[in-house]
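Analysis of the macromolecular model
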Amino acid sequence: MNGELIFKAIFVQRGSGPNLLDWAYATDENWDSFYSDISSKDGIVKISNTFGKEKFGINVRWNVEEFGYIFITADNGGEFYSPPDEGMSITLNLNYELAKSRVARNRKRSLAHKKEGWIASKELTALYHLSEELFEDATKFKNDELKCGDYSQRALLYAMRVSEMIELEKAQYDIYRNGKRNDFFIGCDARSYFQIDPDLFLEEFPKLFNYATITHYLTSSSYPDFEPTEGDLRFAQREQLIGELRKRNITVEGRPLFYFYKTTTPDWLRTKKYSDLLKYVEKHTKEVVGHYGDQLYAWEVINEAHDWANELKLNPEQIVEVTKLACDVAKATNPKVHRLINNCCPYAEYVQMKKWGDLDAEYRQRTPYQFMKDLVDADVDFTIMGQQMYFPYRDLADIIIYLERLQDFGKPVQITEFGASSGPSEASIKNGSLEISLEPYIWHRPWDEELQAEWYEGIYTLAFSKPWIEAVNLYDFVDPYGWIKNGGILKNTKGDKKLAFQRILELKNKWGI
């Protein structure tokens with residue numbers, strides 16, 4: 001048994017809150033989440049049982065007024081925390097720990113980037129020093145929790161701004177240094193072909209996108225079914241769309257061969273014995289990949305299989321076996337077509353929840369990174385690493401630092417799905433699908449079209465600056481059909497454009513894509 005580590009929040013925010021979410025999770029030295037007994041209640045975050053993890057950080061959703069009510073990691077300034085000895089209780093100032101960790105990380109990132117020739121702007125340099133000075137003031141008052149909390153909160157505000165500025169300025173530097181890229185895909189799922197006038201789709205979609213994904217959900221409430229009954233493969237509509245896209249020099253990916261999610265798993269598949277499932281995986285892969293021949297650049301072999309989409313309740317070893325079999329058969333059927341593994345939930349909060357989507361998890365769980373490592377260790381023959389990045393309640397710096405971990409696998413990376421809301425619209429307020437939030441805003445200010453465009457530009461800029469990221473794929477094109485409510489870049493089926501549409505077009509032209 002361990003002692004108890006307590007993080008006490010000092011609420012210095014001016015607004016009514018909420019300022020600290022009543023839920024938190026722990027991460028290890030590699031920033032992978034793990035299950036613990038961590039709790040967050042009444043301004044107190046407690047952790048004692050880490051189930052053998054000796055070094056860890058905590059992740060809390062904390063309201064940094066003038067920046068956002070967002071998840072932030074405290075990791076003892078990069079040194080990590082350890083559980084106290086049994087019977088001991090240690091209390092730390094949460095504000096101070098958050099500021100210390102972010103200020104320390106900014107130092108590390110800034111130093112690393114400077115070694116590559118990057119020079120910070122004058123504005124960034126001034127804000128960087130301001131955050132450092134405010135943190136020094138907080139340290140002087142460590143014995144006065146209120147003053148320490150106040151100075152820490154102010155240091156954290158500027159440190160959060162500095163984090164994003166460091167990464168965006170470095171990205172711009174790298175884009176200039178790297179020169180023109182002829183290998184970058186600006187992509188989007190193409191299902192809106194079936195949701196709006198096809199001629200309107202074919203007029204607007206190619207203005208932005210040189211890459212499209214064609215969805216093959218076996219069953220779906222929002223897309224034409226591909227295999228509603230076993231063996232009834234419905235290629236015709238998709239073949240028509242692929243043909244139209246290829247006429248316009250748009251590279252096409254098929255997705256997914258397998259997606260064991262609640263809304264896409266028909267009963268005939270859900271009830272198969274494991275031995276019969278393997279036979280189906282082999283047959284389905286060979287038939288579908290073979291059908292399209294060389295028309296497709298890649299196939300997304302499996303989607304969200306890292307213990308999230310697991311309606312079949314497969315154990316970890318079975319998931320790896322299914323993935324390996326599908327990749328092997330896909331390669332044997334057409335070795336020219338890339339094989340992509342698509343993962344969601346980059347920060348793997350579900351591990352603390354012990355959830356597979358809506359189901360209670362029955363086996364040990366893995367983060368997306370850990371899942372990919374298991375695939376590599378099992379010699380699974382994939383060629384592209386895919387990671388979704390819907391707005392993750394994290395800042396842009398956290399996003400690029402997470403993505404950098406994926407270089408470990410030595411494969412090209414795609415941001416396979418991403419999106420953020422443009423905020424409530426008159427229509428969404430009237431129909432109740434997206435109303436005005438009464439909580440503190442999540443990132444920079446309340447979501448609107450301009451903020452959506454700003455976040456999209458940030459994601460594209462960070463990705464384009466990394467030669468190992470080959471694609472960024474928007475999900476979706478048109479409201480109200482987006483996975484993220486009001487996350488499209490067309491306001492409606494009439495084709496009225498949001499600011500994000502123009503912003504993406506400007507980036508495409510600027511970069512010569």
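Look up a bit, the structure's there.
The text that follows walks through the structure, step by step, so that each part is easy to find. Bear in mind the structure is a predicted one, so any value in this text is a computation, not a measurement. Every chain is numbered on its own, with residues counted from 1 as its sequence reads. Residues qualify for local features only when their pLDDT is at least 70, as the model is predicted, and side-chain atom pairs are given and counted only at 80 or more; totals for whole chains, interfaces and linings, by contrast, use all residues. Neither water nor hydrogens contribute to the side-chain values; these are computed over all heavy atoms in the structure.

**Thoughts on the overall build of the protein**
Within the protein one finds 14 helices and 18 strands. The quantity called the radius of gyration is restricted to C-alpha atoms. Its globule counterpart is 2.2 Å times the number of residues to the power 0.38. For 513 residues, the compact-globule estimate of 2.2 N^0.38 gives 24 Å, and the protein sits close to it at 24 Å. Overall, the C-alpha framework of the protein stretches about 70 × 50 × 50 Å when taken along its three principal axes. Exposed residues in this analysis have more than 50% of their type's maximum accessible area, buried residues have under 20%, and partly exposed residues fall in between, with area computed by a 1.4 Å probe over protein chains only. Counting over 513 residues, the protein shows a buried share of 58%. Whether two residues are in contact is decided by their heavy atoms, any of which lying within 4.5 Å being enough. Within the protein, contacts between residues separated by at least 24 positions form 77% of all contacts whose residues are at least 6 apart in sequence. Here the Shrake-Rupley method, with its probe set to 1.4 Å, supplies the accessible areas, and only the displayed protein chains count as covering residues. Total accessible area computed for the protein in this model is approximately 21,300 Å², and 50% of it derives from carbon and sulfur atoms. We treat Lys and Arg as the positive residues and Asp and Glu as the negative residues; His and chain ends play no part in the count. For charged residues, the charge sits on one atom: NZ in Lys, CZ in Arg, CG in Asp, CD in Glu. In the protein, which carries 64 positive and 79 negative side-chain charges, the distance between the mean positions of the two groups comes to 2 Å. Helix and strand definitions here come from DSSP, where helices need a minimum of 4 consecutive H or I residues and strands a minimum of 2 consecutive E residues; each element is numbered from the N-terminal end.

**Let's talk about the environment of Tyr280**
Following the sequence through the fold, Tyr280 ends up in helix H7 (residues 274-292). For the pair Tyr280 and Arg364, spaced 84 residues apart in sequence, the C-alpha to C-alpha distance is 26 Å. If we skip the residues at most four places from it in the chain, Tyr280 touches Leu218, Glu227, Glu230, Phe258, Trp268, Leu269 and Lys272. A polar side-chain atom of Tyr280 sits 2.7 Å from a polar atom in the side chain of Glu227. N or O atoms within 3.5 Å of each other form a polar contact, as long as, within protein, one can give a hydrogen and the other can take it, and as long as residues adjacent in sequence are counted only when both atoms are side-chain atoms.

**Some remarks on the sheet that holds strand S1 (residues 4-8)**
Each pair of strands is called paired provided DSSP finds at least two bridges between the two strands. Spatially, the four strands line up as an open sheet ordered S4-S5-S1-S8, and their pairing is mixed. Sheet topology places strand S4 (39-41) and strand S8 (89-93) at the edges, where each strand pairs with a single neighbour. Each adjacent strand pair in this sheet contributes to an overall mean axis angle of 20°, direction not counted. Sheet analysis places S1 next to S8, joined by five bridges and oriented parallel. Bridging from a neighbouring strand, Leu5 pairs with Ile90 of S8. Structural elements are reduced to axes, namely lines fitted to C-alpha atoms, with helices fitted over the stretch in contact, and the angle between N-to-C directions of any two is expressed from 0 to 180 degrees. Each of S1 and S8 is contacted by helix H1 (residues 94-114), which is oriented at about 65° to S8, the strand it contacts most.

**Topic: the environment of Glu4**
In this structure, Glu4 sits in strand S1. Between the C-alpha atom of Glu4 and that of Ile319, which follows or precedes it by 315 residues, the distance is 37 Å. If we ignore the near neighbours within four places in the chain, the residues touching Glu4 are Lys46, Ile47, Ser48, Pro84, Met88, Ser89 and Ile90.

**Details of the side chain of Ser110**
Along the polypeptide, Ser110 turns up in helix H1. Every residue in contact with Ser110, bar those within four places of it in the chain, is listed here: Trp118, Tyr128 and Ile166.

**Some remarks on the packing of H1 against helix H3 (residues 145-178)**
Between H1 and H3, the shortest axis-to-axis distance is 8 Å and the interhelical angle comes to 25°. With respect to each other, H1 and H3 are oriented roughly parallel. Here H1 runs over H3; the crossing is left-handed. Residues are grouped as follows: Ala, Val, Leu, Ile, Met, Phe, Trp, Tyr, Cys and Pro are nonpolar; Asp, Glu, Lys and Arg are charged; every other residue, Gly included, is polar. Partitioned by chemical class, the residues of the contact of H1 with H3 number eleven nonpolar, eight polar and five charged. Every angle not falling under 35 degrees, over 145, or within 65 to 115 is termed oblique; those three ranges are roughly parallel, roughly antiparallel and roughly perpendicular. Handedness of each helix crossing follows the sense of rotation of the near helix against the far helix: counterclockwise by less than a right angle gives left-handed, clockwise gives right-handed.

**Focus on the pattern of salt bridges**
By convention in these notes, a salt bridge is any Lys or Arg side-chain nitrogen within 4 Å of a carboxyl oxygen on Asp or Glu. Applying the stated criterion to the full structure yields 50 salt bridges. In this structure, Arg270 engages Glu311 in a salt bridge whose closest nitrogen and oxygen atoms are separated by 2.6 Å. Separated by 41 residues along the polypeptide, Arg270 in helix H6 (residues 267-270) and Glu311 in the loop between strand S12 (298-303) and helix H8 (316-333) bring together distant segments of the chain. Note that Asp377 is salt-bridged to Lys373, the shortest N-O span being 3.0 Å. One end of the pair, Asp377, and the other, Lys373, are both in helix H10 (residues 368-377), four residues apart, so they sit about a helical turn from each other. The exposure class assigned to Asp377 is exposed, which follows from its relative accessible area of 52%. A relative accessible area of 43% means that Lys373 is categorised as partly exposed. Via salt bridges that share partners, Arg102, Arg105, Arg394, Asp395 and Asp398 belong to a single interconnected network.

**Details of the sheet that holds strand S6 (residues 57-64)**
Read across the sheet, four strands follow the order S3-S2-S6-S7 without closing on themselves; strand pairing throughout is antiparallel. Lying at the two open borders of the sheet, with one neighbouring strand each, are strand S3 (33-34) and strand S7 (68-74). Where strand S2 (residues 20-27) lies against S3, two bridges are found, and the strand directions are antiparallel. By the bridge assignment, Thr27 is partnered in S3 with Ser33. Contacting S2, S6 and S7, H1 crosses the sheet at an angle of about 75° to S7.

**Comments concerning the environment of Tyr158**
Tracing the backbone shows Tyr158 in helix H3. Since its relative accessible area comes to 22%, Tyr158 is described here as partly exposed. With 31 residues separating them along the chain, Tyr158 and Leu127 place their C-alpha atoms 6.3 Å apart. Sequence-distant contacts of Tyr158, defined by excluding residues within four places in its chain, comprise Leu127, Leu130, Ser131 and Leu134.

**Some points on the nonpolar core**
Counting 137 residues, the largest nonpolar core has Trp455 and Tyr460 as the members making the most contacts within it. With nine residues, the top contributor of residues to this core is helix H13 (residues 449-464). Remark: nonpolar core denotes a set of buried residues (Ala, Val, Leu, Ile, Met, Phe, Trp, Tyr, Cys) joined through side-chain atoms within 4.5 Å. Ranked by size, the runner-up nonpolar core spans seven residues in total, among them Trp118, Leu124, Tyr128 and Met165.

**Examining the packing of aromatic side chains**
Here is the rule: rings of Phe, Tyr and Trp (six-membered ring for Trp) pair when centre to centre is within 6.5 Å. Planes less than 30 degrees apart are stacked, more than 60 are edge-to-face, and the remainder are tilted. With the rule as written, the count across this model stands at 45 aromatic pairs. Ring geometry for Tyr35 versus Phe51: centroids 5.7 Å apart, planes at 40°, classification tilted. Note that Tyr35 is positioned in the loop between S3 and S4 and Phe51 in the loop between strand S5 (44-47) and S6, a separation of 16 residues in sequence. Judged by its relative accessible area of 52%, Phe51 falls in the exposed class.

**A look at the pairing of strand S11 (residues 251-255)**
Both faces of the sheet carry side chains from a regular strand, because those side chains alternate between them. Counting buried residues in S11 gives four out of five residues, a clear majority hidden from the surface. Alignment of strand S10 (residues 211-215) against S11, held across five bridges, turns out to be parallel. Paired with Ala212 across the strands is Val252, a residue of S11.

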